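Structural overview
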Amino acid sequence: ETLQYLPPKKGVFTGSPIRSSLLHGDRKRAADFTSMRKGDYPYILVVGGSLGAQHINDAVRSVLPAILPKFNVIHLCGRGKVDPTLNNTDGYMQYDYIDKEMADLYALSDIVISRAGSNAIFELLALNKPNILIPLPSASSRGDQILNAKKKKKTGYSFVLKEENLTDKSLVNAINTVYENRAEYTDTMSKAEEINAVDKICRLIDEYVTKKENE
C-alpha cells in the first residue's frame, strides 16, 4: 500500500528479511527438548509473551481442558508469567523465554497463536505456519498490529481473532478451524510474494551496483 505514495521507481516491495536460522529447525530436536507426551498429538505453539500478552496467556490457560485431549501446547508466556500450578499438566509446557530453540519449536508446531507484530507475521509466512493472530487492541497500541492482521486475513494467510472477542468459545473455534483448514493456509502462504525477502533485497543491490558500474 505504501508504494502508491512514493515517487515512481523509488520503491520495491520485498517483504521483511528474517533470520536464516529460523528456516533450519528440527522437529525431533524440539520434541526431545520439550519432553512432551508421545502419540498422535498436533502441536500448538503460543508466542507473544512480551508487553500486553497476559490476555493471551489467560485465554490459552482457560481453554486447556478443552484442547489438551487433542493437542499438545507449547506456551511461551513471557518473563515472570509462568504459572507454577500448571507445571505438571500433561500435554502442556510453558517457558518464560526461548532463544536458540525457537527454530526447532517453530518446526515442531502445526499451528501458531501469536500477536500481529511485523516480525512475527513475516516469520510465520516464511515458515508457512498456519496461524491465529490476536493483535494488540488500539487502546494499548498504535493500531499497527490491527492493520497487519487485517491485511493477513484478507490475503488468506491468517485467522484473526480480536482481543475484545477473545473468549473460551471463540479461541477453541479458531484453533479447530485453523487446524482443520491448515492445508489451505499453507498452500496460500506458499504462493506469497512476500517470501524470500533476503534474496530479493540482495538481487536488487546487485542490479543497482551493476547498473552504476555500466553507466
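Preceding block: the structure.
Now for a description of the structure that goes with this document. A quick note: this is a predicted structure, and the numbers were derived from the prediction, not measured.

1. Focus: the overall build of the chain
When you go through the chain residue by residue, the secondary structure sums to nine helices and six strands. By the compact-globule yardstick of 17 Å for 215 residues, the chain fits well, its C-alpha radius of gyration being 19 Å. Along the three orthogonal principal directions, the C-alpha set of the chain runs to about 65 × 40 × 35 Å. Looking at the chain residue by residue over its 215 residues, the buried ones come to 45%. For the chain, the share of sequence-separated contacts (at least 6 apart) that also reach a separation of at least 24 residues comes to 67%. Surface exposure of the chain reaches about 12,300 Å², of which carbon and sulfur atoms provide 53%.

2. As for the pattern of salt bridges
If you walk through the whole model with that rule in mind, you get ten salt bridges. Residue Glu194 pairs with Lys152 through a salt bridge whose shortest N-O separation is 3.4 Å. Of this pair, Glu194 sits in the loop between helix 8 (182–190) and helix 9 (197–214) while Lys152 sits in helix 6 (residues 144–155), placing them 42 residues apart in sequence. Judged by its relative accessible area of 6%, Glu194 is buried. Salt-bridge contacts for Glu215 lead to Lys212; the nearest nitrogen and oxygen are separated by 3.6 Å. Residue Lys212 is classed as partly exposed on the basis of its relative accessible area of 41%.

3. A short note on the nonpolar core
Core analysis: the largest hydrophobic core is formed by 32 residues, its most contacted members being Ile44, Ile67, Val73, Ile132, Leu171 and Ile175. Mapped by element, the contributors of at least two residues to this core are strand 1 (43–46), helix 2 (54–62), helix 3 (64–67), strand 4 (111–114), helix 7 (168–180) and helix 8. Considering each element in turn, this core owes the most residues, six residues, to helix 7. Here Ile132 is in contact with Val112, Ile113, Ser114, Phe159, Leu161, Ala174, Ile175 and Val178, once residues within four sequence places are set aside.

4. Brief notes about the side chain of Ser109
Tracing the chain through its elements places Ser109 in the loop between helix 4 (102–108) and strand 4. Filtering out sequence-adjacent residues up to four positions away, Ser109 remains in contact with Arg27, Tyr43, Leu45 and Lys129.

5. Some remarks on a nonpolar patch on the surface
Taken together, the side chains of Leu3, Leu6 and Phe13 present a nonpolar region at the surface, about 270 Å² in accessible area. Mapped onto the fold, Leu6 is located in the segment before helix 1 (27–34).

6. Considerations on the pairing of strand 4
Going residue by residue along strand 4, you find Ile111 and Ile113 tucked away on one face and Val112 and Ser114 tucked away on the opposite face as well. One crossover worth recording links strand 4 to the parallel strand 5 (residues 131–133) by way of helix 5 (residues 118–127), and it is right-handed.

7. Quick look at helix 2
By the burial criterion, the buried members of helix 2 are Ile56, Asn57, Ala59, Val60 and Arg61. The elements touched by buried residues of helix 2 are strand 1, helix 3, strand 2 (72–76), strand 3 (92–95) and helix 7.

8. Some points on helix 7
For helix 7, which comprises 13 residues, the first-to-last C-alpha distance of 18 Å matches the rise-based estimate of 18 Å (1.5 Å per residue) to within 8%. Turning to helix 7, its buried residues number three or more, namely Ser170, Leu171, Val172, Ala174, Ile175, Val178 and Tyr179.

9. With respect to the environment of Thr177
Positionally, Thr177 belongs in helix 7. Sequence separation between Thr177 and Ile132 is 45 residues; the distance between their C-alpha atoms is 9.8 Å.

10. Description of the packing of aromatic side chains
Counted according to the given criterion, the structure contains two aromatic pairs. Between Phe33 and Tyr95, the aromatic rings sit 5.4 Å apart at their centres with planes inclined by 20 degrees, giving stacked as the arrangement. Within this pair, whereas Phe33 is found in helix 1, its partner Tyr95 is found in strand 3, the two being separated by 62 residues in sequence. Ring centres of Phe71 and Tyr179 lie 5.3 Å apart, and the angle between their planes is 90 degrees; this geometry places the pair in the edge-to-face category. Of this pair, Phe71 sits in the loop between helix 3 and strand 2 while Tyr179 sits in helix 7, and the two are 108 residues apart along the sequence. You'll find Phe71 and Tyr179 in the same group, each marked buried. Over the ring of Phe122 we find Lys152, and its NZ or CZ is 5.1 Å from the ring centre.

About the criteria used
Residues numbered from 1 in each chain as written. Predicted model: local features only at pLDDT ≥ 70, side-chain atom pairs only at ≥ 80, totals over all residues. Heavy atoms only, no water. Helix = DSSP H or I, 4+ residues; strand = E, 2+ residues; numbered from the N terminus. Rg over C-alpha atoms; globule rule 2.2 N^0.38 Å. Buried < 20%, exposed > 50% of the residue type's maximum accessible area, 1.4 Å probe, protein only. Contact = heavy atoms within 4.5 Å. Areas by Shrake-Rupley, 256 points an atom, 1.4 Å probe, with all protein chains shown as cover. Salt bridge = Lys/Arg side-chain N within 4 Å of Asp/Glu carboxyl O. Core = buried A, V, L, I, M, F, W, Y, C linked by side-chain atoms within 4.5 Å. Patch = residues over 30% accessible without salt bridge, like charges linked within 9 Å, V, L, I, M, F, W, Y side chains within 5 Å. Right-handed = clockwise from strand over helix to strand, strands pointing away. Expected span 1.5 Å × (residues − 1). Phe/Tyr/Trp six-rings, centres within 6.5 Å; stacked < 30°, edge-to-face > 60°. Lys NZ or Arg CZ within 6 Å of the ring centre and 35° of its normal.

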